[in-house]
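Notes for the structure review
Here is how the chains run, residue by residue.
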Amino acid sequence: KLRQNGGTPECEAAVSASLEWLKGKQNADGSWGRNNKCAMTGLALLCYLGRCETPESPFYGDNVMRGILFLIETQKKHPQKLFSQALKGNAGVYEHGIATYALGEMYTLARLGSKSLPGMREAFEQGVKIIIDNQQDSGSWVYDQETGFYAGKKSREDLSVAGWQFQALKAAKNTSLKIAGLQSAITKMTKYLEDKQTKDGGFGVANRDAHYNQWSLSGVGILGLQTMAKGKTAPIKKGIKFLTEFLTAEPLDWNKNCNLYCWYYYTQAFFQQGGEDWKFYNQQFLPQILAAQQPDGSFKRGRPNWPAGDAADEIYRQTLCTLQLEVFYRYLKVGDREEESFFDK
């Protein structure tokens with residue numbers, strides 16, 4: 001898959017070095033990171049899954065298992081059963097989406113093995129139910145700063161939050177578990193994404209200087225339609241055209257315009273599109289990511305002259321870079337899928 005999709009041996013070497021670096025950064029309680037531990041742990045688990053490292057892996061099995069158990073135990077302690085240690089602010093809802101996504105993917109892969117994973121399926125199903133139950137009437141999701149939980153059904157929407165929640169729903173769909181309300185939630189979310197597309201073809205607000213603008217969030221909108229909505233080819237093509245024109249005018253540059261959150265979604269969206277669109281993007285992004293890796297396996301900060309830096313948290317930066325390098329073999333193109341589940345063959 002690596003060779004077929006335009007990857008190189010350097011990609012695999014970079015992923016190996018990154019996973020080894022992440023192993024050395026795991027906390028004693030099984031988590032990763034200093035802040036937002038459930039989000040960082042979920043992202044780290046997704047990186048290990050990207051190389052098919054499960055709880056049965058001879059190299060990283062213990063690390064993966066301890067990460068899973070941390071998420072399960074944290075959910076048990078949270079008063080509203082989020083995968084988060086936060087009780088206010090916006091972090092909890094983001095963390096919940098990321099961790100639910102990771103557990104869903106882990107369930108799909110790990111069930112092929114023989115190792116018992118007590119409580120993981122129940123924790124994942126409860127996580128998905130919370131997402132479904134708190135979907136807004138608009139089809140989006142959003143946080144409440146005061147409670148740290150989801151906001152009401154008719155409050156403002158948030159495409160940035162929705163990106164992680166729909167990946168959790170995608171994981172739920174791929175598990176083949178019977179989860180009430182799942183398809184309805186996917187349908188509402190798809191309609192929401194369609195409504196967020198601008199006349200330019202991007203997703204988000206049209207003001208380049210505003211938050212949640214289409215230059216930042218178009219990857220989110222495109223990926224959601226690609227992976228969750230059948231037959232929505234026209235808005236997807238329009239979105240890819242918008243991004244291609246943008247990246248032609250302003251090519252990816254680690255030192256000038258690095259935004260790993262955007263790049264994470266761009267990479268998946270162009271990969272799903274495939275063909276010449278993916279070739280165009282891959283020629284830009286791959287040299288940038290590989291050149292940013294340091295001898296110890298970590299990735300340096302992007303835009304070093306920008307006061308805030310990009311993805312200043314080292315675990316967040318590491319996982320986003322690693323997931324992009326794993327795109328060649330971690331993500332199956334929608335067009336290559338069959339109705340029958342791959343795992344049922």
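Let me begin by describing the structure that accompanies this report.

Another aspect to go through is the overall build of the protein chain. Looking only at helices and strands, the protein chain features 13 helices and zero strands. N-terminal to C-terminal, the α/β element order of the protein chain is α-α-α-α-α-α-α-α-α-α-α-α-α. Computed over its C-alpha atoms, the radius of gyration of the protein chain comes to 19 Å, within 12% of the 20 Å expected for a compact globule of 345 residues. The C-alpha extent of the protein chain, read off along each of the three principal axes, is 50 × 50 × 45 Å. Going through the 345 residues of the protein chain one by one, you find that 58% of them count as buried. Long-range pairs, those at least 24 residues apart, make up 68% of the contacts in the protein chain between residues at least 6 apart in sequence.

What follows deals with helix α9 (residues 233-249). In a regular helix each residue adds 1.5 Å, so 17 residues correspond to 24 Å; α9 covers 24 Å between its end C-alpha atoms and thus fits that length. If you check which residues of α9 are buried, you get Pro235, Ile236, Gly239, Ile240, Phe242, Leu243, Thr244, Phe246 and Leu247. Looking at the buried side of α9, the elements it contacts are α8 (214-228), α10 (260-273) and α11 (275-292).

For the rest of this paragraph, the subject is the pattern of salt bridges. Tallying each qualifying case throughout the model produces 16 salt bridges. Among the salt bridges present, the one from Lys196 reaches Glu157, with a minimum N-O distance of 3.0 Å. Note that Lys196 is positioned in the loop between α7 (182-195) and α8 and Glu157 in the loop between α5 (120-133) and α6 (159-175), a separation of 39 residues in sequence. According to the relative accessible area criterion, Lys196 is buried, its value standing at 18%. Of the charged contacts in the structure, one is a salt bridge between Asp200 and Lys199, with a shortest N-O distance of 3.7 Å. The partly exposed category is assigned to Asp200, whose relative accessible area is 37%.

This part is about the nonpolar core. If you look at the biggest cluster of nonpolar residues, it comprises 110 residues, and the most contacted ones within it are Leu169, Leu260, Trp263, Tyr266, Tyr281, Phe285 and Ile289. Dropping the residues within four chain positions of it, Tyr281 is found in contact with Leu247, Leu252, Trp263, Tyr266, Thr267, Phe270 and Gln324.

Our focus in this paragraph is the state of the cysteines. Inspection of every chain in the model, using the stated rule, returns zero disulfides. We note that Cys52 lacks a disulfide partner, and the nearest cysteine sulfur, in Cys47, lies 13 Å from it. For Cys52, a relative accessible area of 55% translates into the label exposed. Left without a disulfide partner, Cys258 is nearest to the cysteine sulfur of Cys321, which lies 6.9 Å away. Residue classification places Cys258 among the buried residues on the basis of a relative accessible area of 0%.

In this section: the packing of α10 against α11. Two numbers describe how α10 lies on α11: the axes approach to 8 Å, and their chain directions differ by 145°. Once α10 is placed against α11, the crossing between them reads as left-handed. The segment α10 lies against α11, with Leu260, Trp263, Tyr266, Thr267, Phe270, Phe271 and Gln273 engaging Gly275, Asp277, Trp278, Phe280, Tyr281, Phe285, Gln288 and Ile289. Of the residues contributing to the contact of α10 with α11, the split by class is ten nonpolar, four polar and one charged.

Next up on the list: the environment of Leu323. Mapping Leu323 onto the fold places it in helix α12 (residues 314-325). A relative accessible area of 1% means that Leu323 is categorised as buried. Through-space distance from the C-alpha of Leu323 to that of Ala185 is 26 Å; in sequence the pair is 138 residues apart. Beyond its immediate stretch of four places on either side in the chain, Leu323 contacts Leu43, Leu46, Cys47, Tyr264, Arg330 and Tyr331.

As a further point, take the layout of surface pockets. Quantified by volume, the second largest pocket comes out at close to 1,000 Å³. Along its surface, the second largest pocket is lined by 38 residues, and Ser160, Asn259, Tyr261, Cys262 and Tyr316 are the ones closest to its centre. Looking at the lining of the second largest pocket, the elements that each hand over two or more residues are α2 (37-49), α4 (91-110), α6, α8, α9, α10 and α12. Class assignment of the residues belonging to the lining of the second largest pocket gives a composition of 25 nonpolar, eight polar and five charged.

Turning our attention to the packing of aromatic side chains. Summed over all chains, the structure comprises 18 aromatic pairs. Seen in terms of ring centroids, Phe149 and Tyr150 are 5.4 Å apart; in terms of plane orientation they differ by 90°. Their pairing is edge-to-face. Like Tyr150, Phe149 is buried. An angle of 25° between the planes, with centres 5.4 Å apart, marks the rings of Trp164 and Tyr264 as stacked. Highlighted residues: Trp164 in helix α6 and Tyr264 in helix α10, separated in sequence by 100 residues. By the burial criterion, Trp164 is buried, and Tyr264 matches it. Its guanidinium or amino end placed over the ring of Tyr143, Arg156 lies 4.7 Å from that ring's centre, counting from NZ or CZ.

Backbone geometry places Asn36, a non-glycine residue, at a positive phi of 50°. A relative accessible area of 36% places Asn36 in the partly exposed class. The phi angle at Cys52 is positive, at roughly 60°, despite the residue not being glycine. Secondary-structure assignment places Cys52 in the loop between α2 and α3 (61-77).

What counts, and where the lines are drawn
Residues numbered from 1 in each chain as written. Predicted model: local features only at pLDDT ≥ 70, side-chain atom pairs only at ≥ 80, totals over all residues. Heavy atoms only, no water. Helix = DSSP H or I, 4+ residues; strand = E, 2+ residues; numbered from the N terminus. Rg over C-alpha atoms; globule rule 2.2 N^0.38 Å. Buried < 20%, exposed > 50% of the residue type's maximum accessible area, 1.4 Å probe, protein only. Contact = heavy atoms within 4.5 Å. Expected span 1.5 Å × (residues − 1). Salt bridge = Lys/Arg side-chain N within 4 Å of Asp/Glu carboxyl O. Core = buried A, V, L, I, M, F, W, Y, C linked by side-chain atoms within 4.5 Å. Disulfide = S-S within 2.5 Å. Axes fitted to C-alpha atoms, helices over the stretch in contact; angles between N-to-C directions. Left-handed = near helix turned anticlockwise from the far one by under 90°. Nonpolar A, V, L, I, M, F, W, Y, C, P; charged D, E, K, R; others polar. 1 Å grid on protein atoms, 1.4 Å probe; cavity = no way out; pocket = protein on both sides within 12 Å on 5 of 7 lines; lining within 4 Å. Points joined across faces, edges and corners; volume = space filled by probe spheres on them. Phe/Tyr/Trp six-rings, centres within 6.5 Å; stacked < 30°, edge-to-face > 60°. Lys NZ or Arg CZ within 6 Å of the ring centre and 35° of its normal.

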